[in-house]
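Chain residues, written in single-letter form:
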Amino acid sequence: MHELQYVPAMLWVVIAYMLAMIAVGGYFYNKAKKAGNESKEDFLLAGRSLGKIVIIGTIFATYLGGGTVTGGGNSLAYNFGIWPGICFMLPPIFSLSVLYLLSEKIRESGCYTIAELLEKKFGSTARTIAAAIIAISFISIVSFQYRGLGFVLNTTTGLPITSCTIICAVIVIILAYSGGLKTVATTDAMSAFLMLIGIGAAVPMLLSKVGGIEWVRATATADQLSFLGGQSFWGWLGAYLPLTFLTIGDQNFYQRINAAKDLKTARAGLIGCLAASLVVMPLIACISFIGRLYFGSNIAAGQSLIATASLLPVFWGGLLLSAASAFIITTADSFLLSASSNFTVDIYTKVINPHASEREQMWATRLFIAGAGVLAYVILQFYPSILAVQYMSYTISGCAITPAVVSVLVWPKVTKFGGIASMVCGTFATVIWEVLKYPYGVQTIYVALPISIIVLLVGSLCTQPKTGACAADNL
C-alpha cells in the first residue's frame, strides 16, 4: 500500500475550471438582472427551451454526479471489488428506460415539481407532504457532494478535509444562487463532456503507471475479482435498487424533461445519458479499483477515484480532478435548485404567501438555496461515510415518492388515501429502519419499498369510489 501524495500543481487546473463555471453562473445572473423580467419558469425550467446538446449533457451530469464519483460505483468498487462497481451501470438501463416511456405524460403534466404533479391526483395535503420529503432527501444528497469536493481539494492542497468541505459548500451555494436551471444545465453540459475526456484518458495511463492488468490480477483478492464481491446476492442487489427507484421518481429528471424544447429533445437526452452511462460507469469503477489496490486503507472509500489523480501527469490528473469536481458541483446545484423549487412552488406560494409576486417568489427561492445549503453541511456531520448518507437519501425518496408518482402517471385507480398513506408509510419505514441500524442485517430498501407499494395498492383498492357515487358525481 502506498501513501497519498499531494500534488498542489493540479489545483490550478481545478481552479481554472471552477472559475469557468462561476463565470457561466455570473453571465446568466447578470443577463437575467439586465432583462429585469426573470420569471419562475426561466429560473426553474430554463424557459422550457433547452436544446439537444445541453439536455443530453445536463441529464447525464445529473445522473452521473458526485454520488457516482465519490459514492455509488466508486465506493462499491473500493469496498467490494471491480464487478460490483461496474454493475452500477445496471440502474440506468432500467430507470432511464422507464423515464423514456413516461416522458410524454411527464411533459403533458407541465408541472414545476413532483409535489405539484401529486396534488392533481391526491390534493393539497399530498403536495405539502411530498414537498417536505423531497426537500429533505435532496438536501441530504447535496450534503455528500460537499464531502466529495472536499476530497478533491484535500488531494491537491493537503488541507484538512473539514476545511475543504466548507470551501466547497460556499462554491456550490454561490452557483445555485446565481442563474437557476440555465446555469446548472450549461455547466452540466460542460461537466459531462469534460468527464468523458478525463475519465477516458485516465484509465490507460493509470494501468500503465501501476503495471497493467497483470498487476491488478496479482494484487487483488479472489473476492475483489468475483462477480458479487464476497456479498450475498441480496446484498449485491440492494446496492442498486435505491438509485433505480430514486431516478424513476427524481424531480431533477422530470424538470429536465419539461425544460427541453420538445418531447423529441427530451427523449434524446435520456438516450444520450444511458449511452454515456454504459461507457463511463465501468471506467469509474476501474479507476476506483486501481485506487483501492494501490493506496489500500490509507484513503477513504469516497476518495478512491480522486486519489488516483495523484498518479497521473499534472495536466491529466488536474483534468480528472476537474471532471470529478464538475460532476460533484453540478449535481449539488441540481438538487439544491430542485429542493428550492419545492419550497417556492409547493410551500411558499401555497401556504406562506399565496399572493406572492414573481419577484417575491424569486427572493424566496434564493433565500431557501442559501439556507438549505447550510443545512446540507449540518446533515453531513451525522453520517460516517458518503455511501451511508447516499443510500439513506436515495431510499427515502425512492420508497416514499416514486411509487406514488408512477401510480399517478399510469394507474387510474389510485386514490388519494392510497397515495398519501404510501408516502407517509414509506418515509417512516425508511427512517425507523435507518435509526435501528438495519435489524437482522436487512437493507432498508427491502423493508421500506414493499411497505410503500403494498400500502399504495391495498389502500387504493379499499377506497375505490362507489359506482353510485361516481354516477351521481357525473350528473
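Residues numbered from 1 in each chain as written. Predicted model: local features only at pLDDT ≥ 70, side-chain atom pairs only at ≥ 80, totals over all residues. Heavy atoms only, no water.

**Quick look at the overall build of the chain**
What the chain contains, in helices and strands, is 24 helices and 0 strands. Looking at the chain residue by residue over its 475 residues, the buried ones come to 59%. Sequence-distant contacts in the chain: of pairs separated by 6 or more residues, those separated by 24 or more amount to 85%. Total accessible area on the chain stands at roughly 18100 Å², and carbon and sulfur atoms take up 68% of it. (Helix = DSSP H or I, 4+ residues; strand = E, 2+ residues; numbered from the N terminus. Buried < 20%, exposed > 50% of the residue type's maximum accessible area, 1.4 Å probe, protein only. Contact = heavy atoms within 4.5 Å. Areas by Shrake-Rupley, 256 points an atom, 1.4 Å probe, with all protein chains shown as cover.)

**Looking at the confidence of the model for the chain**
When pLDDT is averaged along the chain, the result is 85; 91% of the residues meet or exceed 70. The model gives residues 469-475 a pLDDT under 50, and that stretch makes 1 contact with residues more than four places away or in other chains. (pLDDT = per-residue confidence, 0-100.)

**Notes on the nonpolar core**
Counting residues in each nonpolar core, the largest one holds 124 residues, and the members touching the most others are Tyr254, Ile401 and Met423. Once residues within four sequence positions are removed from consideration, Met423 is found in contact with Leu118, Ala126, Ala130, Ile133, Ala400, Ile401 and Ala404. (Core = buried A, V, L, I, M, F, W, Y, C linked by side-chain atoms within 4.5 Å.)

**Regarding helix 3 (residues 52-63)**
With 12 residues, helix 3 extends 17 Å between its outermost C-alpha atoms, agreeing within 8% with the 16 Å of an ideal straight helix rising 1.5 Å per residue. For helix 3, the full list of buried residues reads Ile55, Gly57, Thr58, Ile59, Phe60, Ala61, Thr62 and Tyr63. (Expected span 1.5 Å × (residues − 1).)

**Re the pattern of salt bridges**
One pass over the full model with this rule turns up 3 salt bridges. Close ionic contact of Arg217 with Glu214 constitutes a salt bridge, the shortest N to O distance being 3.2 Å. Of this pair, Arg217 and Glu214 both sit in helix 11 (residues 212-219), 3 residues apart, which is roughly one turn of that helix. You can call Glu214 exposed: its relative accessible area is 53%. In the salt-bridge network here, residues are joined through shared partners; they are Glu119, Arg127 and Asp346. (Salt bridge = Lys/Arg side-chain N within 4 Å of Asp/Glu carboxyl O.)

**Here's the deal with a nonpolar patch on the surface**
A surface patch of nonpolar side chains, amounting to about 400 Å² of accessible area, comprises Val374, Leu375, Val378 and Phe382. Of note, Phe382 is situated in the loop between helix 19 (358-380) and helix 20 (386-400). Of the residues examined, Phe382 reaches a relative accessible area of 66% and is grouped as exposed. (Patch = residues over 30% accessible without salt bridge, like charges linked within 9 Å, V, L, I, M, F, W, Y side chains within 5 Å.)

**Side note on the environment of Ala421**
By the secondary structure assignment, Ala421 is in helix 22 (residues 416-435). When its relative accessible area of 14% is taken as the criterion, Ala421 is described as buried. Along the primary structure Ala421 and Leu409 are separated by 12 residues, whereas in three dimensions their C-alpha atoms are 18 Å apart.

**Structural notes on the state of the cysteines**
Going through the model one piece at a time under the given rule, you end up with 0 disulfides. Just so you know, Cys273 is unpaired, no disulfide at all, and the nearest cysteine sulfur is the one on Cys87, 18 Å from it. Given a relative accessible area of 0%, Cys273 falls into the buried group. Looking at the unpaired Cys399, the closest cysteine sulfur is the one in Cys425, lying at 12 Å. (Disulfide = S-S within 2.5 Å.)

**Structural notes on the environment of Gln443**
As for its position among the elements, Gln443 is in the loop between helix 22 and helix 23 (445-462). You can call Gln443 partly exposed: its relative accessible area is 26%. Sequence separation between Gln443 and Phe193 is 250 residues; the distance between their C-alpha atoms is 35 Å. With sequence-adjacent residues up to four places away left out, Gln443 is seen in contact with Trp234, Gly235, Gly238, Ala239 and Trp433.

**Observations concerning unusual backbone geometry**
One non-glycine residue, Tyr438, lies in the positive phi region at around 60°. Even without a glycine there, the phi angle at Tyr440 is positive, about 60°. Note that Tyr440 resides in the loop between helix 22 and helix 23. For Tyr440, a relative accessible area of 81% puts it in the exposed group.

**Quick notes on the packing of aromatic side chains**
Applying the stated criterion across every chain, the model contains 13 aromatic pairs. Centroid distance Trp234 to Tyr446: 5.7 Å. Interplanar angle 85°. Geometry classified as edge-to-face. With Trp234 in helix 13 (residues 233-238) and Tyr446 in helix 23, this residue pair connects regions lying 212 residues apart in the sequence. With relative accessibility at 53%, the residue Trp234 sits in the exposed group. Looking at Tyr446, the relative accessible area reads 21%, which means it is partly exposed. Ring pairing ties together the aromatic residues Trp83, Phe88, Phe227, Phe233, Trp234, Trp236, Tyr240 and Tyr446, which thus form one cluster. (Phe/Tyr/Trp six-rings, centres within 6.5 Å; stacked < 30°, edge-to-face > 60°.)

**Section: the packing of helix 7 (residues 90-109) against helix 15 (residues 251-259)**
Their axes nearest at 9 Å, the elements helix 7 and helix 15 cross at an angle of 65°. Taken together, the axis directions place helix 7 and helix 15 in an arrangement best described as roughly perpendicular. Both helix 7 and helix 15 take part in a crossing whose hand is right-handed. Facing Leu99, Leu102, Ser103, Ile106, Arg107 and Ser109 of helix 7, the residues of helix 15 in contact are Phe253, Tyr254, Ile257 and Asn258. Partitioning the contact of helix 7 with helix 15 into residue classes produces 6 nonpolar, 3 polar and 1 charged. (Axes fitted to C-alpha atoms, helices over the stretch in contact; angles between N-to-C directions. Parallel < 35°, antiparallel > 145°, perpendicular 65-115°, else oblique. Left-handed = near helix turned anticlockwise from the far one by under 90°. Nonpolar A, V, L, I, M, F, W, Y, C, P; charged D, E, K, R; others polar.)

**Some words on the side chain of Ser288**
With respect to the helices, strands and loops of the structure, Ser288 is situated in helix 16 (residues 263-295). The exposure class assigned to Ser288 is buried, which follows from its relative accessible area of 0%. The residues contacting Ser288, other than those within four sequence positions of it, are Asn74, Ala77, Tyr78, Ser304 and Leu305.

**A word on the environment of Ala77**
Within the element layout of this structure, Ala77 appears in helix 5 (residues 72-79). Judged by relative accessible area, which is 0%, Ala77 ranks as buried. Measuring from C-alpha to C-alpha, the distance between Ala77 and Ile284 comes to 8.8 Å, with 207 residues separating the pair along the chain. Filtering out sequence-adjacent residues up to four positions away, Ala77 remains in contact with Gly85, Ala285, Ser288 and Phe289.

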